[in-house]
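One-letter residues, chain by chain:
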Amino acid sequence: MVFSRRELLLGAATTAVSGLSLPSRLAFAAGRFANTLKIPTLIEGKPGEGGKLFELGVQAGMSKFLPDVSTPTIGINGAYLGPAIKCSAGDRVSIRTRNNLTEPTTLHWHGLHIPARYDGGPHQVVEPGAVWEPSFEIKQKASLCWYHSHLMEGTGEQVLRGLAGLFLIDDDESRSLNLPSEYGVDDIPLILQDRRFNREGSFEYLSTMGDIEMGYEGDVIVVNGTVDPHVMLRRQRTRLRVLNGSNSRIYMLGRDDGADLVIIGSDGSLLERPVRQRRVRLGPGERIELLIDMQPDQTVTLMSYPVIAGAMGSGMMMRGMRGNSETFPIIELRAGQLETSDLSIPERLIAVPNWNPAKAERTRIITLDMAMMGMGRMGGPEMDGPMGINGRSIDINRIDLRIPLGDVEIWEIRNTTPLTHPFHIHDVQFRVLDRAGALPQPYEHGLKDTVLVDPGSAVRIITEFSDFADPDHPYMYHCHILEHEDAGMMGQFVVV
Ligand SMILES: [Cu+2]
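Nothing here was measured: the structure is a model prediction, and the numbers come from that model.

Asks: Could you give me a rundown of the overall build of the chain, with the residues and numbers involved?
Replies: A count of helical and extended segments in the chain gives six helices and 35 strands. Counting only residues that meet the buried cut, the chain has 63% of its 496 residues in that class. Considering only intrachain contacts with a sequence separation of at least 6, the fraction spanning at least 24 residues in the chain is 77%. Carbon and sulfur atoms make up 49% of the accessible area of the chain, which totals about 17,800 Å².

This is the structure in structure tokens:
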């Protein structure tokens, strides 16, 4: 049985909790790790008139995930996902983006601090056959950012089919640290995704009532487009740059041997100092950078573990509460003979920009709302759609916030729903001040653009809206569960 998005949205408002789909069972977590991890092609641009020119073509294709069947997909310069764009702070870049699909699309540069008219959100639609060429300077810290479709009401489906890629930013500060940085050798990206498949091989999407309410979760884990992957590590030390590129799944990463993860980076920067922790929670849109040291012939499996839920209820609610309740392997890291690496870790990595809360111009209250699960919106007026922010679903013709250029602001993001939401703000990188009044996790102390907000809880972030004022072109802020974003949990701001 397949529901249309409209049927799902209509049904959603009246569906009781008991009608939701059960947590997905991971059908293909086979754990044999039979396939070699694919590494996205790295592109560094060609010298052009005003800087580096990158050429991207969005195209349709067929991909092989499962034995015996093929899957219709879309990608950038390939059938599924896109190349990793590499540049340095201070670079001027132009990205010539041609849409070779028969449907409109957009490419949003997630995490980039650039003018709103080049942001690639729902206002920068690239029609079939058209070319869009945003051009901007890289004005931010070394980090793993990414790009993906941001089509109005079509983001979830286009990202699911493959419209996403990595955007790697380097700077002098990060280069001076001697971190592993040979792409594909000791600096390896991992794009974590999950998918469900129909029998004939196509992706299954929006086929249960829960797909929109809870967010879409697949039963097959796919890393860089590879099912059941392993990667051969060649050096003693490897840097893993992990993007949660899933539509809605929250991972709780850990090593199967119980050793600590060494975390050196968050969404928009390296951390001030390395953090050692057994588990790291990573929501959709979030990134972390890890260091993994291996012994010759060692094997380590990067796993996802159950997210420990709060006091509330059943296993089904646990998935909704704070992430999934499953244990499953993501990728096997294999070592043979190993070349030597510099195994020291600087105690101090970088200085992370920060803002003084006492100097903030204002605190804005941002409330995430769902009028569903038979509960209605809690503690507020009736909403104009199934999901929204501050009681309103996205209206592409309405500006929700006008922010003075140069404002330092605190945003208090409140979650009145029974689910955890990853909240993302375009244009800026922020610091997380606190979560439910307590300090955020140590690995959240870098710059971030996406943060998990738990049910019945609030997260406060602080940031500065600098450099780019434009009253006519808005930036978006939204839940990065793509089904929630498509269902209206999104707003727009202009910097003036
Ligand atoms: Cu959400």
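Asks: For the pairing of strand 26 (residues 362–370), give the residues involved together with the corresponding values.
Replies: Inspection of the sheet shows strand 26 paired to strand 29 (residues 408–415) by seven bridges, in the parallel sense. Residue pairing across strands places Arg 362 opposite Glu 409, the latter belonging to strand 29. Where strand 26 meets strand 27 (residues 387–389), three bridges bridge the pair, whose relative direction is antiparallel. Paired with Leu 368 across the strands is Ile 389, a residue of strand 27.

Asks: So, the nonpolar core: which residues are in play, and what are the values?
Replies: If you look at the biggest cluster of nonpolar residues, it comprises 55 residues, and the most contacted ones within it are Trp 411, Phe 423 and Phe 493. Those residues in contact with Phe 423, other than ones at most four positions away along the chain, are Ile 366, Leu 368, Ile 389, Trp 411, Ile 413, Phe 430, Asp 449, Thr 450, Val 451, Val 453, Tyr 477 and His 478. With 31 residues, the next largest nonpolar core counts Val 231, Ile 288, Leu 302 and Leu 338 among its residues.

Asks: Quick rundown of the sheet that holds strand 11 (residues 143–148)? Include the residues and the values.
Replies: Here five strands make up an open sheet; going across it, the order is 2-6-12-11-8 and the pairing mixed. The open sheet has two edge strands with one neighbour each: strand 2 (42–43) and strand 8 (108–110). As judged from the three bridges shared by strand 8 and strand 11, these two strands associate in the antiparallel manner. Looking at strand 11, one finds that His 110 is bridged to Trp 146.

Asks: Please give an account of unusual backbone geometry that cites residues and values.
Replies: Working note: non-glycine residues mostly have negative phi, and peptide bonds are mostly trans. Within the chain, Leu 81 stands out as a residue other than glycine whose phi angle is a positive 60 degrees. At Asp 228, a residue that is not glycine, the phi angle is positive and equals roughly 50 degrees. By the element assignment, Asp 228 lies in the loop between strand 16 (226–227) and strand 17 (229–235).

Asks: Describe the pattern of salt bridges, listing the residues and the values that go with them.
Replies: Tallying each qualifying case throughout the model produces 36 salt bridges. The salt bridge involving Asp 172 is made with Arg 175; its shortest N-O contact spans 2.8 Å. Highlighted residues: Asp 172 and Arg 175, both in helix 3 (residues 172–175), separated by three residues, approximately one helical turn. Classification of Asp 172 by relative accessible area gives exposed; the value is 60%. Arg 175 sits in the partly exposed class, given a relative accessible area of 43%. If you follow the salt bridges from partner to partner, you end up with Glu 182, Asp 186, Arg 234, Arg 235 and Glu 339 in one network.

Asks: Talk me through the environment of Glu 213; I want residue IDs and the actual numbers.
Replies: Its location among the elements puts Glu 213 in helix 4 (residues 210–213). Judged by relative accessible area, Glu 213 falls into the buried class, the value being 0%. Residues Glu 213 and Met 387, spaced 174 residues apart in sequence, show a C-alpha to C-alpha distance of 9.0 Å.

Asks: Give a description of the sheet that holds strand 32 (residues 450–453) that names residues and reports values.
Replies: Across the sheet, five strands lie side by side as 28-35-34-30-32; this open sheet has mixed pairing. Whereas interior strands pair on both sides, the edge strands pair on one side only; in this sheet they are strand 28 (401–403) and strand 32. Going across the sheet, the axis of each strand differs from the next one's by a mean of 25 degrees, ignoring polarity. Relative to strand 32, strand 30 (residues 421–425) runs antiparallel, the two sharing four bridges.

Asks: Break down the packing of aromatic side chains for me, citing the residues and quoting the values.
Replies: A full pass over the atoms with the stated rule returns 19 aromatic pairs. Centroid distance Phe 423 to Tyr 477: 6.2 Å. Interplanar angle 55 degrees. Geometry classified as tilted. You can see Phe 423 sitting in strand 30 and its partner Tyr 477 sitting in strand 34 (residues 475–479), a full 54 residues away along the chain. Accessibility classification places Phe 423 together with Tyr 477 in one group, the buried group. Ring geometry for Tyr 477 versus Phe 493: centroids 6.2 Å apart, planes at 35 degrees, classification tilted. Of the two residues, Tyr 477 is situated in strand 34 and Phe 493 in strand 35 (residues 490–495); the sequence distance between them amounts to 16 residues. Tyr 477 gets classed as buried once you look at its relative accessible area, which sits at 3%. An aromatic cluster of at least three residues, connected via ring pairs, comprises Trp 411, Phe 423, Phe 465, Tyr 475, Tyr 477 and Phe 493.

Asks: Could you give an account of the environment of Ile 263, with specific residues and numbers?
Replies: By secondary structure assignment, the location of Ile 263 is in strand 20 (residues 261–265). Look at Ile 263 and you get buried, because its relative accessible area is 0%. For the pair Ile 263 and Pro 274, spaced eleven residues apart in sequence, the C-alpha to C-alpha distance is 5.6 Å. With sequence-adjacent residues up to four places away left out, Ile 263 is seen in contact with Leu 271, Arg 273, Pro 274, Val 275, Gln 277, Val 280, Ile 288, Glu 289, Leu 290 and Tyr 443.

Asks: Give me the lowdown on the confidence of the model for the chain, citing residues and values where you can.
Replies: When pLDDT is averaged along the chain, the result is 90; 88% of the residues meet or exceed 70. Within the model, pLDDT remains below 50 along residues 309–322, and this stretch shows 42 contacts once partners closer than five positions in the same chain are excluded. Here residues 374–379 is modelled with pLDDT under 50, and outside its nearest four sequence neighbours on either side it reaches 14 contacts, counting other chains as well.

Asks: Now, about the state of the cysteines: what can you tell me, with residues and values included?
Replies: In the structure shown here, the tally under the stated rule is zero disulfides. Cysteine Cys 87 is unpaired, with the sulfur of Cys 145 as its nearest cysteine sulfur at 9.3 Å. Residue classification places Cys 145 among the buried residues on the basis of a relative accessible area of 0%.

Reading the values: the criteria
Residues numbered from 1 in each chain as written. Predicted model: local features only at pLDDT ≥ 70, side-chain atom pairs only at ≥ 80, totals over all residues. Heavy atoms only, no water. Helix = DSSP H or I, 4+ residues; strand = E, 2+ residues; numbered from the N terminus. Buried < 20%, exposed > 50% of the residue type's maximum accessible area, 1.4 Å probe, protein only. Contact = heavy atoms within 4.5 Å. Areas by Shrake-Rupley, 256 points an atom, 1.4 Å probe, with all protein chains shown as cover. Pairing = 2+ DSSP bridges. Core = buried A, V, L, I, M, F, W, Y, C linked by side-chain atoms within 4.5 Å. Salt bridge = Lys/Arg side-chain N within 4 Å of Asp/Glu carboxyl O. Axes fitted to C-alpha atoms, helices over the stretch in contact; angles between N-to-C directions. Phe/Tyr/Trp six-rings, centres within 6.5 Å; stacked < 30°, edge-to-face > 60°. pLDDT = per-residue confidence, 0-100. Disulfide = S-S within 2.5 Å.

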